[in-house]
There are 2 protein chains.
Amino acid sequence: MDIEKQIEIIKNGAEEIVPESELKQKLLLAKKEDRPLRVKMGIDPTGTDVHIGHMVPIRKMRDFQDMGHTGVIIIGDFTARIGDPTGRDESRPPLTAEQTRENAATYMEQLYTVLDRDKTEIRWQSEWFDGLNLADVINLLGKFTLAQFLAHDTFRKRYENGLPLAMHELMYPVLQAYDSVAIDADIELGATEQKFNLLCGRDMLRYFGKPEQIAIMFPILLGTDGVNKMSKSMGNYVAVFDKPSDKYGKVMSIPDEIILNYYKYATRMTPEDISEIDRQLKSGENPKFIKQRLAREIVTLYDGESAAKEAEEEFNRVFSQRNIPTDIEEYVMDGSIWIVKLLTDSGLCQSSGEARRMLKQGAVKLDDEKLDDMDLNLEINHETILKVGKRRFLKLVPKE
Amino acid sequence: MDIEKQIEIIKNGAEEIVPESELKQKLLLAKKEDRPLRVKMGIDPTGTDVHIGHMVPIRKMRDFQDMGHTGVIIIGDFTARIGDPTGRDESRPPLTAEQTRENAATYMEQLYTVLDRDKTEIRWQSEWFDGLNLADVINLLGKFTLAQFLAHDTFRKRYENGLPLAMHELMYPVLQAYDSVAIDADIELGATEQKFNLLCGRDMLRYFGKPEQIAIMFPILLGTDGVNKMSKSMGNYVAVFDKPSDKYGKVMSIPDEIILNYYKYATRMTPEDISEIDRQLKSGENPKFIKQRLAREIVTLYDGESAAKEAEEEFNRVFSQRNIPTDIEEYVMDGSIWIVKLLTDSGLCQSSGEARRMLKQGAVKLDDEKLDDMDLNLEINHETILKVGKRRFLKLVPKE
């Protein structure tokens, strides 16, 4: 593929590329040497649930794979097996090698909903760290200064705010940096908050006399609450293994303000598509429909088109039944019926005059969609709620 | 030995004992368990020259040995073999195992001028660190927080002043602390500036479920310039392997203000002796004689009494010849001669009248000692300088 086209695809959705100026040379070099670039990303196998926030850089890895490059997933099994040596964090007990392997397998199955198995290389930190001794560790640590580490926001803030920062935590960026040396990374993908670690990797490659990797960073996806970053502990996440209907419903629950953000980072939309959606939102189009398209896009990405369609139907059914009493009267519909007749026959309105007035006022809703066509002949094929004003309900049931 | 007496000896010359309150229990426990205490001190085998500043805690170790306890010298061979991983300090190249062994042997020979060989155990850091892997290192580091380390003056000041502080340097206190675990230290000796390291050792023993060591700290001995701490790089040191005459001369060169300091930390004087010397200094006694006694004490400590006596004689000869022109006239003495005759015969004085007047005024000196006995019959057995006033000199040479 043409280099300029590759660059365009790589940049789409990326928040920062350091240094962007080297990206072209890197691609040209791969072409010249007729080899794929090695695109690294690290994962933490202490948990198993992958959410669509985790997938933001993974989807970029897939883009690289589609262009012929190799995705290298580093499984942080070494540190997972250590747990928390401070003993402070009881939620982080050391994992056995077996647990780590199982977690990693589950994790990878989720990544493979997006990644190309044939162009994915899985590497374990323990491959190189099991053999590291104290002298090696001292030599690795000696490449960095404390000032570099405390220039890093996460560490500095914890230190300045008097929060405990255990000494071994300072080692983790160094270890992650060494991963890049071990696998000869050309590019590393990660979240913007991992910038420090990704740049340590760049430095470490240089210390080992290897070409420096390029860091490509992505924003943290907001959770469905629209406030906090998406995380398991906040319960505001859309998991890759959520049922399609759950994915759909969760996406529909996001506040309108972050619709564009999700389109940008959680779908395959092009910048042109995104601009069009932005225009639609600004033109006052009903955000519900724009959000429904988003939900369909996201479900399609992980579960395919037909699953997305089903999820949408189910959502519409469930959504339309929200805020409806459970013991409402049923009305069996045999074929089509004129809306005014339905409203009076069923007793929802006292007279056809009231029925017409209610329709005119927009007070009549079918599964939360306003009905205002006085001439409508209604026909249904699944249970539907007919509502007049705020308190009058009728469950329409198709005749079997 | 009686516990109270032991405590008195231990406290003599110690600047700080942390915690002092536990010292008695520790001694009682050793007595109850009928075992010697294990008294640790670490040395750095990158150099070979030991000076009397290094020996301040070593002399305390000897005191412990005299009370039946065991001195454990830890040789920091492991870190010596790593050198400076930052590449910044070219004066610290990695040492080979062979060089380290040779340095350590030379170092120990110097310590044995004071230590009791039979009660000294030599341990090498590499015994336990060669087998340490990355997981062990992470677990050790995890016991401490960055805040603890930056509460430590040396580290904080370097960080705050923007001086480079390489990450691996933060590991060294942790490693030294682990030494205490490896050898089951009861007590660790060190300089006051090593307080942080010694207390880390205390913490580390606790983390490993072992009884905590007591830290006994000694002030840094000032160099012979009286300003900087004694160090090889400042050239202001008295080396253990200096010739006795050099030791004597270097001690004689210290400024009067630090005489008491040297008595206190560089000799075996008791607190009572020190008080007496303080009294003498304050009473206006000639500091030269007090310093000569100090020099004798120090040389005796390392080279024995007769070497000290010889050093003093040599010093007196050399000292008396200071500030004397090199091309002065010689006068061969054949047996004894009346001083007035000598002064006139040699031409130092114009007449016997002037000779008598000069003697009376105290202006005649023999090797810087005033001569005022007009009836003196002088006889010499080695070259001696006869001086009249400030500018008239004569070298008296015994006839062969």
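The shown structure was predicted, so the numbers you read here are calculated from the model rather than taken from an experiment. (Residues numbered from 1 in each chain as written. Chains lettered and ligands numbered in written order. Predicted model: local features only at pLDDT ≥ 70, side-chain atom pairs only at ≥ 80, totals over all residues. Heavy atoms only, no water.)

**Notes on the overall build of chain A**
Our working rule: Runs of E in the DSSP output that reach at least two residues are strands. Runs of H or I that reach at least four are helices, and both are numbered from the N terminus. In this setup the radius of gyration rests on C-alpha atoms only. A globule is expected at 2.2 Å times the number of residues raised to 0.38. Burial classes follow relative accessibility: with a 1.4 Å probe on protein chains only, a residue under 20% of its type's maximum area counts as buried, one over 50% as exposed, and anything between as partly exposed. By definition, residues are in contact when any of their heavy atoms lie within 4.5 Å. Method for areas: the Shrake-Rupley scheme with a 1.4 Å probe, in which residue coverage is limited to the protein chains shown. Positive residues here are Lys and Arg, negative ones are Asp and Glu, while His and the chain termini are left out of the count. We put the charge of a Lys on NZ, of an Arg on CZ, of an Asp on CG and of a Glu on CD.
In terms of helices and strands, chain A carries 18 helices and 13 strands. A compact globule built from 400 residues would reach a C-alpha radius of gyration of about 21 Å, whereas chain A, at 27 Å, exceeds it by more than 25%. Each principal axis of the C-alpha atoms in chain A carries an extent, and together these give about 90 × 50 × 40 Å. Expressed as a percentage of its 400 residues, the buried residues of chain A come to 50%. Residue pairs in contact within chain A that sit at least 24 positions apart in sequence constitute 69% of those at least 6 positions apart. When the accessible area of chain A is evaluated, it comes to approximately 19,100 Å², of which 46% is carbon and sulfur surface. With 55 positive and 68 negative side-chain charges, chain A shows a separation of 3 Å between the mean positions of the two kinds.

**A closer look at the environment of Leu222(A)**
Residues and elements named next belong to chain A. Structurally, leucine 222 can be placed in the loop between strand S6 (214-218) and helix H12 (244-252). Considering only alpha carbons, one finds leucine 222 and isoleucine 254, 32 residues apart in sequence, at a separation of 9.6 Å. Setting aside residues up to four positions removed in sequence, leucine 222 forms contacts with Val227, Asn228, Lys229, Met230, Ile258, Asn261 and Tyr262.

**Considerations on the sheet that holds strand S3 (residues 70-75) of chain B**
Residues and elements named next belong to chain B. Just so we agree on the cut-off: Paired strands, in this sense, are two strands between which DSSP finds at least two bridges. To get an axis, a line is fitted to the C-alpha atoms, and for a helix only the part in contact is used. The angle between two axes follows their N-to-C directions and goes from 0 to 180 degrees.
With respect to topology, six strands assemble into an open sheet ordered S1-S6-S5-S2-S3-S4, the strand pairing being mixed. Bordering the open sheet on either side are strand S1 (16-18) and strand S4 (120-124), each of which pairs with just one other strand. Taking each pair of neighbouring strands and ignoring which way they run, the sheet shows an average axis angle of 25°. In terms of strand pairing, strand S5 (residues 187-191) meets strand S6 (residues 214-218) through five bridges, oriented parallel.

**Details of the sheet that holds strand S1 (residues 16-18) of chain A**
All names here are of chain A. Across the sheet, which stays open at both edges, the six strands sit in the order S1-S6-S5-S2-S3-S4 with mixed pairing between neighbours. Where the open sheet ends on each side, the last strands, each with one partner, are S1 and strand S4 (120-124). Sheet twist, expressed as the average angle between the axes of neighbouring strands with direction ignored, equals 25°. As paired strands, strand S2 (residues 38-43) and strand S5 (residues 187-191) are joined by two bridges and run parallel to one another. Its bridge partner lying in S5, lysine 40 is registered against glutamate 188. Of the strands in this sheet, S2, strand S3 (70-75), S4 and S5 are in contact with helix H10 (residues 171-183), which crosses S2 at around 145°.

**Some details on the side chain of Ser231(A)**
Residues and elements named next belong to chain A. Along the chain, serine 231 falls in the loop between S6 and H12. Residue class for serine 231 comes out buried when judged on its relative accessible area of 15%. Excluding residues that lie within four positions of it along the chain, serine 231 makes contacts with His51, Asn236 and Tyr237.

**What to know about H10(A)**
All names here are of chain A. Keep this limit in mind: In a helix, the anticipated span is given by 1.5 Å times the number of residues less one.
With 13 residues, H10 extends 19 Å from end C-alpha to end C-alpha; this agrees with the ideal 18 Å at 1.5 Å per step. In terms of burial, H10 is a largely internal element, 11 of the 13 residues being buried. Met171, Tyr172, Pro173, Val174, Leu175, Ala177, Tyr178, Asp179, Ser180, Val181 and Ile183 are the residues of H10 that are buried. Just downstream of H10, aspartate 184 is the residue with a positive phi angle, here 55°.

**Things to note about the relation of the copies chain A and chain B**
There are two copies of the chain, and a rotation about an axis plus a shift along that axis relates them. Spelled out, the test is: Superposing copies: least-squares fit, C-alpha atoms only, residues required to have pLDDT of at least 70 in both.
Aligned on chain B, chain A shows an RMSD of 0.8 Å; the corresponding rotation is 179° and the shift along the axis is 0.4 Å. With respect to symmetry, the two chain copies, as superposed, fit the operation of a two-fold axis. Identified as the residue of chain A closest to the rotation axis by C-alpha distance is Asn133(A), at 2.4 Å. Interface overlap between copies: 100% of the residues of chain A at the interface are likewise at the interface in chain B, consistent with a symmetric, same-surface contact.

**Here's the deal with the packing of helix H7 (residues 134-141) of chain A against H10(A)**
Residues and elements named next belong to chain A. Rules: Note on terminology: angles under 35 degrees are roughly parallel, angles over 145 are roughly antiparallel, angles of 65 to 115 are roughly perpendicular, and the others are oblique. Side-chain classes follow a simple rule in which Ala, Val, Leu, Ile, Met, Phe, Trp, Tyr, Cys and Pro form the nonpolar group, Asp, Glu, Lys and Arg form the charged group, and the remainder, Gly included, forms the polar group.
Relative to each other, H7 and H10 sit at 95°, their axes nearing to 10 Å. Taken together, the axes of H7 and H10 lie roughly perpendicular to each other. Residues Val137, Leu140 and Leu141 of H7 form the contact with H10, whose participating residues are Met171, Val174 and Tyr178. Taken together, the residues that form the contact of H7 with H10 break down as six nonpolar, no polar and no charged.

**What about empty space enclosed by the protein?**
We count it as follows: In the cavity and pocket records, a cavity denotes points on a 1 Å grid over the protein atoms alone where a 1.4 Å probe fits but cannot get out, a pocket denotes an open set with protein on both sides within 12 Å along at least 5 of 7 lines, and lining residues are residues with an atom within 4 Å of a point. Grid points are joined across faces, edges and corners, and a volume is the space filled by probe spheres set on the points.
On inspection of all chains with the given rule, the structure shows one cavity of 30 Å³ or more. Roughly 40 Å³ of internal volume is contained in the largest cavity. As for the largest cavity, its lining consists of Leu141(A), Met167(A), Leu170(A), Met171(A), Leu141(B), Met167(B), Leu170(B) and Met171(B). Looking at the lining of the largest cavity residue by residue, the classes come out as eight nonpolar, no polar and no charged.

**As for the pattern of salt bridges**
Residue and element names in this part refer to chain A. The condition that has to hold: Salt bridge, as applied in this entry: a Lys or Arg side-chain nitrogen positioned within 4 Å of an Asp or Glu carboxyl oxygen.
For the coordinates displayed, the defined rule picks out 75 salt bridges over all chains. Residue arginine 202 pairs with glutamate 22 through a salt bridge whose shortest N-O separation is 3.3 Å. A residue pair is termed long-range when its members are at least 10 positions apart, and arginine 202 in helix H11 (residues 195-207) and glutamate 22 in the loop between S1 and helix H2 (23-32) qualify at 180 residues. With a relative accessible area of 28%, glutamate 22 lands in the partly exposed category.

**Considerations on the confidence of the model for chain A**
The following threshold applies: pLDDT is a residue-level measure of predictor confidence that goes from 0 to 100.
Of all residues in chain A, 97% attain a pLDDT of 70 or more, and the chain-wide mean is 90. Prediction confidence for the complex, expressed as pTM and ipTM, is 0.75 and 0.72 respectively.

**Some thoughts on the pairing of S2(A)**
All names here are of chain A. The test is simple: Orient the strands so they point away from the viewer, and a crossover whose first-strand-to-second-strand path over the helix runs clockwise is right-handed.
Burial runs high along S2: five of the six residues are buried. Of the pairings in the sheet, the one linking S2 to S3 comprises six bridges and is parallel in character. Across the sheet, arginine 38 pairs through a bridge with threonine 70, a residue of S3. With respect to chirality, the unit in which S2 leads through helix H3 (residues 55-66) into the neighbouring parallel S3 is right-handed.

**So, the interface of chain A and chain B**
Put simply, the rule is: Once two parts are brought into contact, the accessible area they lose, counted with a 1.4 Å probe and summed over both, makes up the buried area.
Taken together, the 30 residues of chain A in the interface contact 30 residues of chain B. Summed over both partners, the interface of chain A with chain B comes to about 2,800 Å²; 79% of that surface belongs to carbon and sulfur atoms. When the area that chain A buries against chain B is broken down by residue, the three leading residues are Leu134(A), Leu146(A) and Met167(A), summing to 27%. Scanning the region where chain A abuts chain B turns up zero salt bridges. At the level of elements, H7, helix H8 (146-150) and H10 of chain A are the ones that each hand at least two residues to the side of chain A that touches chain B. For the side of chain A that touches chain B, the leading source of residues is H7(A), giving six residues.

**Structural notes on the packing of helix H13 (residues 259-266) of chain B against helix H15 (residues 287-303) of chain B**
Residues and elements named next belong to chain B. What counts, and what does not: The handedness criterion is simple: a crossing whose near helix is rotated anticlockwise from the far helix by less than a right angle is left-handed, and one whose near helix is rotated clockwise is right-handed.
Between H13 and H15, whose axes approach to 10 Å, the crossing angle comes to 25°. Considered as vectors, H13 and H15 are oriented roughly parallel to each other. Note that H13 runs across H15; the crossing there is left-handed. For the pair H13 and H15, the contacting residues are Ile259, Tyr262, Tyr263 and Ala266 in the first and Pro287, Ile290, Lys291, Arg293, Leu294, Ile298 and Leu301 in the second.

**A short note on the packing of aromatic side chains**
Put simply, the rule is: Each pair of aromatic rings taken from Phe, Tyr and Trp, with Trp reduced to its six-membered ring, is defined by centres within 6.5 Å and is described as stacked if the planes are under 30 degrees apart, edge-to-face if over 60, and tilted in the remaining cases. We count a charge as sitting over a ring when the NZ of a lysine or the CZ of an arginine lies within 6 Å of the ring centre and within 35 degrees of the ring normal.
Taken as a whole and judged by the stated rule, the model has 20 aromatic pairs over all chains. Each ring, one from Phe78(B) and one from Phe129(B), has its centre 5.7 Å from the other, and the planes form 65°; the classification is edge-to-face. A residue pair is termed long-range when its members are at least 10 positions apart, and Phe78(B) in helix H4 (residues 77-80) and Phe129(B) in helix H6 (residues 126-129) qualify at 51 residues. The pair formed by Phe78(B) and Phe129(B) is uniform in burial state, with each residue classed as buried. Grouping aromatic residues by their ring pairs yields a cluster made of Phe78(A), Trp128(A), Phe129(A), Tyr178(A) and Phe208(A). The ring of Tyr237(B) carries Lys250(B) above its face, with NZ or CZ at 4.9 Å from the centroid.

**A few points about unusual backbone geometry**
Residues and elements named next belong to chain A. That bond from valine 18 to proline 19 is cis: its omega, -10°, falls within 30 degrees of zero. Among the secondary structure elements, proline 19 is positioned in the loop between S1 and H2. Despite not being glycine, aspartate 34 shows a phi value in the positive range, around 50°. Relative to the assigned elements, aspartate 34 resides in the loop between H2 and S2.

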